[in-house]
Amino acid sequence: MRNIGRLIYRYHIFLVFLALQLIAFALLVKNNNYQESVFINTSNHLIGSLYEKRAAFSDYLKLSDFNDELSAENAQLKSKQLENFMDLENGTIVVNDTLFVQRYEYLPAKVINNSVNTRNNFITLNKGSVTGVKPEMGVVANGAMVGIIKDVSKHFSSVMPIINPNFTASIKLKKGNDFGMLAWKDKDPRYAQILEIPKHANVQIGDSVITTGFSSFFPEGLLVGTIAEIDAPEGENFYNIRLLLKTDFYKLSYVKVVSNLMKEEQLNLENVEQP
Amino acid sequence: MINPIFRNIIRILFFILLQGLVVNRLDLFQGMVLPSVYIFALLMLPLETPRLLLLFIGFVVGMSVDAFTNTLGMHTSACVLLAFVQPALLRILAPREGYEFGQNPSIQHLGFSWYLTFAALATFIHHSALFFVEAFSFDFFGHTLTKVFFSTLATVFLMVLGQYLIFSPDQRKTS
């Protein structure tokens, strides 16, 4: 017995080293899991507020870019206003009916931290559960897909962007409506890959790729990007397509969180067991 | 003179913040060069630091840096490895007459070429562990290895620069 004690004492440094490495790898594997939430991450209050302070500094330098973006969006919205439309049928009566029910709601948020150059990229936003952000909500910027909310704290949330290897989403071609899967296999934050588009589909470089609306994260028809390269490997049924992402992850600063008001309903229906 | 324990804690905190808030934002050559300057604080720990304490400091520092990048475990693993091999490295590189009491592993005390060897070896070990754990496979072996090489260069350069910034020339003469 005393010998065992002596043995342990002799190698205690190495044993502690092994134990710490095991903990590190356990954390690593656990954290790589898509839905698993962890207590130490960027949605943590301390780190989040540090990032917010830094963002306040660096945003000041980007003010002119923000102004351009805002005025472009303003102009677009202005042109959709009622007074810009010509009345074709004078005398029709407007009736407020209940044919339309709001399905998606948008919540503005600011990017306070953003990584593009690591293999597992993440974005941190300055909105959290207090303002209604929940895990598994979609995130969009300028009408294009950005990612999905992963973790939420009271005042911050972390986003898994398209440029994270664990991200997938169903997408379709705007022309022809063929469905595929979006995945990020490159190390280049400007591009993503499309899988499972069958070879009989008509695909051309420059075609737009949009969301399907199958999942409860994003509304249908949201722009994802345009096709940059098409490769048709021999002996396989699917194309290898390289997609130029619409979202510029280098310059991301303001985003909108999509909240699907009918998500519960959809999920409940889909989860009903078949008789 | 500030208490060395206190000074080391301040230094570690400063370098964690520097890494998390400034250095991680650098996007050099499309992510090919990603310096980890915070290990400077680990390498500056006194020669007399107990090995067990060193391991735990490495663990906590790695965990804090991971918190900034949502990569829990990655830097932790690399730092614990570094903390484990650091004493062995110091023993191998010891001058013939051994270290004197109160010496720091710094250019000031042990000279430029000694520090360069020590820093380069330690950084290379840390960065190899870091980037191979990040890749979690040997799939992109060449790519990861280039990343290790160039990031090590950048980190060592910054650490040598840091040495000269911390110790002014007159301070070096007097001690």
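Values in this document were obtained by computation on a predicted structure and should not be read as measured data. (Residues numbered from 1 in each chain as written. Chains lettered and ligands numbered in written order. Predicted model: local features only at pLDDT ≥ 70, side-chain atom pairs only at ≥ 80, totals over all residues. Heavy atoms only, no water.)

J.: Quick question: what am I supposed to make of the overall build of chain B here?
T.: Helix and strand counts for chain B come out as eight helices and zero strands. Reading the helices (α) and strands (β) of chain B from amino to carboxyl end gives α-α-α-α-α-α-α-α. The buried share among the 175 residues of chain B stands at 53%. Once local pairs closer than 6 in sequence are excluded, the contacts in chain B between residues at least 24 apart make up 70%. Of the accessible surface of chain B, which amounts to about 8,400 Å², a share of 73% is contributed by carbon and sulfur atoms. (Helix = DSSP H or I, 4+ residues; strand = E, 2+ residues; numbered from the N terminus. Buried < 20%, exposed > 50% of the residue type's maximum accessible area, 1.4 Å probe, protein only. Contact = heavy atoms within 4.5 Å. Areas by Shrake-Rupley, 256 points an atom, 1.4 Å probe, with all protein chains shown as cover.)

J.: What's the story with empty space enclosed by the protein in this structure? I'm lost.
T.: Empty space among the atoms becomes apparent when a probe as large as a water molecule is rolled across them. Enumeration over the complete set of coordinates arrives at two cavities of 30 Å³ or more. Here the largest cavity defines a volume of roughly 260 Å³. What lines the largest cavity is a set of 24 residues, among which S115(A), N117(A), T118(A), N24(B) and T69(B) lie closest to the centre. Within the residue set of the lining of the largest cavity, elements represented by two or more residues are strand 1 (104-114) of chain A together with helix 1 (4-22), helix 3 (51-69), helix 4 (74-92) and helix 6 (112-135) of chain B. The biggest single contributor to the lining of the largest cavity is helix 6 of chain B, with three residues. Looking at the lining of the largest cavity residue by residue, the class counts come to eight nonpolar, 14 polar and two charged. As a volume, the second largest cavity reaches approximately 30 Å³. The wall of the second largest cavity is formed by M145(A), A169(A), S170(A), T211(A), G213(A), S215(A) and F218(A). Here the residues of the lining of the second largest cavity sort into three nonpolar, four polar and no charged. (1 Å grid on protein atoms, 1.4 Å probe; cavity = no way out; pocket = protein on both sides within 12 Å on 5 of 7 lines; lining within 4 Å. Points joined across faces, edges and corners; volume = space filled by probe spheres on them. Nonpolar A, V, L, I, M, F, W, Y, C, P; charged D, E, K, R; others polar.)

J.: Honestly, the interface of chain A and chain B in this entry has me stumped. Any pointers?
T.: How big an interface is tends to be reported as the loss of accessible area on association of its parts. Taken together, the contact pairs 34 residues of chain A with 38 residues of chain B. Overall, the association of chain A and chain B removes approximately 3,400 Å² of surface from exposure, summing both partners, and the carbon and sulfur fraction of that is 66%. When residues of chain A are sorted by the area they lose upon contact with chain B, L20(A), N117(A) and R119(A) head the list and together hold 20% of the total. Scanning the region where chain A abuts chain B turns up zero salt bridges. Taken together, the links from chain A to chain B amount to one residue pair in polar contact (both at pLDDT 80 or more). (Buried area = accessible area lost by both parts, 1.4 Å probe. Salt bridge = Lys/Arg side-chain N within 4 Å of Asp/Glu carboxyl O. Polar contact = N/O pair within 3.5 Å; in protein donor to acceptor, adjacent residues only side chain to side chain.)

J.: Please clarify how the packing of aromatic side chains should be interpreted in this entry.
T.: Overall, the coordinates contain seven aromatic pairs over all chains when judged by the stated rule. Relative to F84(B), the ring of F17(A) lies with its centre 4.0 Å away and its plane at 15°, an arrangement referred to as stacked. With F17(A) in helix 2 (residues 12-32) and F84(B) in helix 4, this pair bridges two chains. F84(B) carries the same exposure label as F17(A), and that label is buried. Positioned above the aromatic ring of Y191(A) is the side chain of R242(A), whose terminal nitrogen or guanidinium carbon lies 4.0 Å from the ring centre. Here the guanidinium or amino end of R51(B) rests over the ring plane of F84(B), the centre of that ring lying 5.4 Å away. (Phe/Tyr/Trp six-rings, centres within 6.5 Å; stacked < 30°, edge-to-face > 60°. Lys NZ or Arg CZ within 6 Å of the ring centre and 35° of its normal.)

J.: So what exactly am I meant to see when it comes to the confidence of the model for chain A here?
T.: When pLDDT drops low, the exact placement of atoms in the prediction is not to be read closely. Per-residue confidence for chain A gives a mean pLDDT of 79; residues scoring 70 or more make up 84%. Scored below 50 in pLDDT, residues 34-38 of chain A shows eleven contacts in the model against residues more than four places distant or in partner chains. (pLDDT = per-residue confidence, 0-100.)

J.: Would you mind showing me how to read the packing of helix 3 of chain B against helix 4 of chain B here?
T.: A pair of packed helices is characterised by two quantities: the angle between their axes and the separation of those axes. All names here are of chain B. Packing of helix 3 against helix 4 brings their axes to within 7 Å, and their N-to-C directions diverge by 150°. Compared by their axis directions, helix 3 and helix 4 come out roughly antiparallel. Judged by the twist between their axes, the crossing of helix 3 over helix 4 is right-handed. Each of R51, L54, L55, G58, F59, G62, M63, V65, D66 and T69 in helix 3 lies in contact with helix 4, whose residues at this interface are M74, H75, T76, C79, V80, A83, F84, Q86, P87 and R91. Class assignment for the residues of the contact of helix 3 with helix 4 results in eleven nonpolar, six polar and three charged. (Axes fitted to C-alpha atoms, helices over the stretch in contact; angles between N-to-C directions. Parallel < 35°, antiparallel > 145°, perpendicular 65-115°, else oblique. Left-handed = near helix turned anticlockwise from the far one by under 90°.)

J.: Looking at this model, I keep getting lost on the packing of helix 1 of chain B against helix 3 of chain B. Mind explaining?
T.: Residue and element names in this part refer to chain B. It is at 9 Å that the axes of helix 1 and helix 3 come closest, and there the two elements cross at 30°. Viewed along their axes, helix 1 and helix 3 adopt a mutual orientation that is roughly parallel. The handedness of the crossing between helix 1 and helix 3 comes out as right-handed. For the pair helix 1 and helix 3, the contacting residues are I12, I16, L17, Q19, G20 and L21 in the first and I57, V61, S64, V65 and F68 in the second.

J.: What is the right way to look at unusual backbone geometry in this model?
T.: For residues besides glycine, phi is generally negative; the peptide bonds are generally trans as well. Despite not being glycine, N177(A) has its phi angle at roughly 60°, a positive value. Accessibility expressed as a relative area gives 44% for N177(A), which makes it partly exposed.

J.: In this structure, what is going on with the nonpolar core? I would like to understand it.
T.: Nonpolar side chains tend toward joint burial in soluble globular proteins. Counting 51 residues, the largest nonpolar core has L42(B), L55(B) and Y115(B) as its most contacted members. A total of nine residues in this core trace back to one element, the largest contributor, which is helix 3 of chain B. Once you skip the residues sitting within four places of it in the chain, Y115(B) turns out to touch F40(B), P105(B), S106(B), I107(B), M159(B), V160(B) and Q163(B). L182(A), W184(A), Y239(A) and L252(A) belong to the second largest nonpolar core, which has 46 residues in total. (Core = buried A, V, L, I, M, F, W, Y, C linked by side-chain atoms within 4.5 Å.)

J.: Before we go on, may I ask you to explain the pairing of strand 3 (residues 138-141) of chain A in this structure?
T.: Put simply, side chains in a regular strand alternate between the two faces of the sheet. Residues and elements named next belong to chain A. The alternating pattern of strand 3 places G138 and V140 on one face and V139 and A141 on the opposite face, and all of these are buried. The sheet contact formed by strand 3 and strand 4 (residues 144-152) spans four bridges and is antiparallel. Its bridge partner lying in strand 4, V139 is registered against G147. The antiparallel pairing of strand 3 with strand 4 creates a hairpin that spans two residues between the two strands, and N142 there sits at a positive phi of about 50°. In terms of strand pairing, strand 3 meets strand 12 (residues 254-260) through three bridges, oriented antiparallel. If you follow G138 over to strand 12, its bridge partner there is V258. (Pairing = 2+ DSSP bridges.)

J.: Which parts of the structure should I look at to understand the pairing of strand 5 (residues 157-161) of chain A?
T.: Residues and elements named next belong to chain A. With five of its five residues buried, strand 5 lies for the most part within the structure. Strand direction decides the pairing type here: strand 2 (residues 123-125) and strand 5, joined by three bridges, are antiparallel. By the bridge assignment for strand 5, I123 is matched with V159. Relative to strand 5, strand 4 is paired through five bridges, and the arrangement is antiparallel. Directly across from I148, in strand 5, lies its bridge partner M160. Taken together, strand 4 and the strand that follows it, strand 5, pair antiparallel across an intervening segment of four residues.

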